[in-house]
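Coordinate analysis (summary)
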Amino acid sequence: MPQLVFTVTNDLTYDQRMIRICSALAKSGRKVLLVGRELPHSVKLSQRPYQQFRLRCYFQKGKLFFLEYNLRLLWFLLREPFDLVCGIDLDTALPTGIAARLKGKKWFLDLHEYFTEVPEVVDRPITKAIWEFVAQMTVARADAVYTVCSSLAQVFAQKYRCNVAVIRNVPNRATAIIDPNPTQPSILLYQGMLNEGRGLEQALQAMLYLENVELWLAGEGDCSAALRTLTESLELSHRVRFLGYVLPDELKTLTLQANLGLNLLENRGLSYYYSLANKAFDYIQAGLPSLQMNFPEYQAINQLEEVFYLLDDLQPETIAKAVKRLLSDQ
């Protein structure tokens, strides 16, 4: 049976998107292997309808990590039989491309974000130049390329002169229904990485203008420690819950308990401006109104169904005003 191999740089456990993709393909009869990496805090892998494998690295971040992981992944792919390999974003593009070409197999690229335009890269000229070189070496040479929305597809097609398909980030449907308890504090939920440019500092500051409201943050990331410190300095520890990494099934239950979802992005680089985040669909499928940015893809969805409240800026007062309006509008 043909084997499809997908490669990521995370530890597989919390990647809802890849769980959905690989499960759908496995249930349709394909033999699927998802490859990631084992982190110091990694938990035991859950049973899935597809195979999983995690590579161990000495370095955990920075340029040395990417170099080490790419070399380990290339060596793994050269020894692993497959008929098609798919690199998830630019950080696994080179090893998947080299392995596919050396073995005469199909090579796909999944560009779920504008990698050279994310906040962690866009303000670092040397880092950006390195990843742009990787993009120029790989994107147009892949057998197929896909992304998550039409805005990014148009940008990539024009920039790299290749056809780019669209496969949206629609998660599995939430089936249970849990009505938030009206006697308890209203819950604002953010789910995802606690990284730069996600509007989380502004969300914390907005809490100073809100009463009987809690903020739940489900995830971890590069800004975890700084956000916890800010929470303490604002004296909000009793109203902000850091939930850490949450398993996908548990995350669905948490989402159903919330009153409002948050997806607040700074307009720093085109990746966020043209994004269409998983969490936007998670909120929709939970029947949860959410605050989103007034960016093209969220505008397009809102024109079809008014499921979002779109923000033009990330001033804490603006966020608080929007939260008050939504919580009072049944």
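Report on the accompanying structure.

Rules and cut-offs
- As a convention, each chain's residues are numbered from 1 in the sequence order in which they are written.
- Confidence filtering applies because this is a predicted model: local features only for residues at pLDDT of at least 70, side-chain atom pairs given and counted only at 80 or more, and all residues used for totals across whole chains, interfaces and linings.
- Side-chain figures throughout are based on the complete set of non-hydrogen atoms in the structure, without hydrogens or water.
- Note on pairing: two strands pair once DSSP finds at least 2 bridges between them.
- Per the convention used, a helix needs a DSSP run of H or I reaching at least four residues, while a strand needs a run of E reaching at least two, with both numbered from the N terminus.
- Orientation is described by axes fitted as lines to C-alpha atoms, over the contacting stretch for helices, and by angles from 0 to 180 degrees between their N-to-C directions.
- Note on definitions: a residue-residue contact is assigned when non-hydrogen atoms from the two residues lie within 4.5 Å.
- Between buried and exposed lies partly exposed: a residue is buried under 20% and exposed over 50% of the maximum accessible area for its type, with that area taken using a 1.4 Å probe on protein chains only.
- In this scheme, patches are assembled from residues that exceed 30% relative accessible area and form no salt bridge. Like charges are connected within 9 Å, while nonpolar side chains (Val, Leu, Ile, Met, Phe, Trp, Tyr) are connected within 5 Å.
- For the area figures, the Shrake-Rupley method with a 1.4 Å probe applies, and any residue is considered shielded solely by the protein chains shown.
- Whenever a carboxyl oxygen of Asp or Glu lies within 4 Å of a side-chain nitrogen of Lys or Arg, that contact is scored as a salt bridge.
- By convention, orient the strands away from the viewer: a clockwise path from the first strand over the helix to the second makes the crossover right-handed.
- A 3.5 Å cut-off defines polar contacts: any pair of N or O atoms within that distance qualifies, except that in protein one atom must be a possible hydrogen donor and the other a possible acceptor, and neighbouring residues in sequence count only when both atoms are side-chain atoms.
- Pairing of aromatic side chains here covers Phe, Tyr and the six-membered ring of Trp, requires ring centres within 6.5 Å, and sorts the geometry by plane angle: under 30 degrees stacked, over 60 edge-to-face, intermediate tilted.

1. Description of the sheet that holds strand S10 (residues 240–244)
Each strand in a sheet pairs with another by means of backbone hydrogen bonds, the pair being arranged parallel or else antiparallel. If you walk across this open sheet you meet the six strands as S10-S9-S8-S11-S12-S13, and the pairing is parallel. Looking at which strands have only one partner, the edges of the open sheet turn out to be S10 and strand S13 (308–311). When the angles between neighbouring strand axes are averaged without regard to direction, this sheet yields 25 degrees. The sheet contact formed by strand S12 (residues 290–293) and S13 spans four bridges and is parallel. The residue of S13 that forms the bridge with Ser290 is Phe308. Docked against the sheet, helix H13 (residues 316–328) engages strand S8 (186–191), strand S9 (213–218), strand S11 (260–263), S12 and S13, running at close to 160 degrees with respect to S13.

2. Remarks on the pairing of strand S4 (residues 84–88)
S4 sits mainly inside the fold: five of its five residues count as buried. Alternating residues of S4 divide into Leu84, Cys86 and Ile88 and Val85 and Gly87, and every residue in both groups is buried. One ladder, built from four bridges, connects strand S1 (residues 3–7) with S4; its direction is parallel. Along S4, the bridge assignment pairs Val5 with Val85. Pairing between S4 and strand S5 (residues 106–111): five bridges, direction parallel.

3. Remarks on helix H6 (residues 150–160)
Turning to H6, its buried residues are Ser151, Leu152, Ala153, Val155, Phe156 and Tyr160. Where H6 is buried, its residues touch S5, helix H5 (125–138), strand S6 (144–147), strand S7 (165–166) and helix H12 (296–304). Taken from the residues just after H6, Arg161 is the one with a positive phi, measuring 55 degrees.

4. Observations concerning a nonpolar patch on the surface
A contiguous nonpolar surface patch, about 700 Å² in accessible area, is contributed by Trp75, Leu78, Leu94, Ile98, Leu102, Phe133 and Met137. Where the nonpolar patch is concerned, the elements lending two or more residues are helix H2 (62–79), helix H3 (93–103) and H5. When residues in the nonpolar patch are grouped by element, the largest group, three residues, is from H3. Within the fold, Trp75 resides in helix H2. When its relative accessible area of 53% is taken as the criterion, Trp75 is described as exposed.

5. Digging into the environment of Ser151
Following the sequence through the fold, Ser151 ends up in helix H6. You can call Ser151 buried: its relative accessible area is 12%. Residues Ser151 and Val166, 15 residues apart in the sequence, show an inter-C-alpha distance of 9.6 Å.

6. Quick look at the pairing of S1
Of all five residues that make up S1, five are buried, and the element is covered over most of its length. Because side chains alternate across S1, one face comprises the buried residues Gln3, Val5 and Thr7, and the other comprises Leu4 and Phe6, equally buried. Pairing between S1 and strand S2 (residues 31–38): five bridges, direction parallel. Bridge pairing links Thr7 to Val35 in S2. In this fold, the crossover linking S1 to S2 by way of helix H1 (residues 16–27) has right-handed handedness.

7. Digging into unusual backbone geometry
Not every positive phi belongs to a glycine, and Arg161 is a case in point at roughly 55 degrees. Relative to the assigned elements, Arg161 resides in the loop between H6 and S7. Within the chain, Glu235 stands out as a residue other than glycine whose phi angle is a positive 55 degrees. Considering the arrangement of structural elements, one finds Glu235 in the loop between helix H8 (224–233) and S10.

8. Examining the side chain of Glu220
With respect to the helices and strands, the residue Glu220 is situated in the loop between S9 and H8. Glu220 gets classed as buried once you look at its relative accessible area, which sits at 15%. A polar contact of 2.6 Å, which involves the side chain of Glu220, links it to the side chain of Ser224. Residues in contact with Glu220, not counting those within four places in the same chain, are Gly192, Met193, Leu194, Arg228, Gly244 and Tyr245.

9. Focus on the packing of aromatic side chains
Each aromatic ring pair is summarised here by two numbers: the centre-to-centre distance and the angle between the ring planes. Inspection of every chain in the model, using the stated rule, returns 12 aromatic pairs. Ring plane angle 80 degrees and centroid distance 5.3 Å describe the contact between Tyr114 and Phe156, whose orientation is recorded as edge-to-face. In this pair, Tyr114 is assigned in the loop between S5 and helix H4 (119–122) and Phe156 in helix H6, connecting sequence segments 42 residues apart. As far as the burial class goes, Tyr114 and Phe156 line up, both buried. Look at Phe156 and Tyr160: their rings are 6.2 Å apart centre to centre, the planes differ by 35 degrees, and that puts the pair in the tilted class. With Phe156 and Tyr160 both in helix H6, this residue pair falls four residues apart, about one helical turn. Tyr160 shares its class with Phe156; the two are buried. Taken together through their ring pairs, the aromatic side chains of Phe65, Phe66, Tyr69, Phe115 and Trp131 make up a single cluster.

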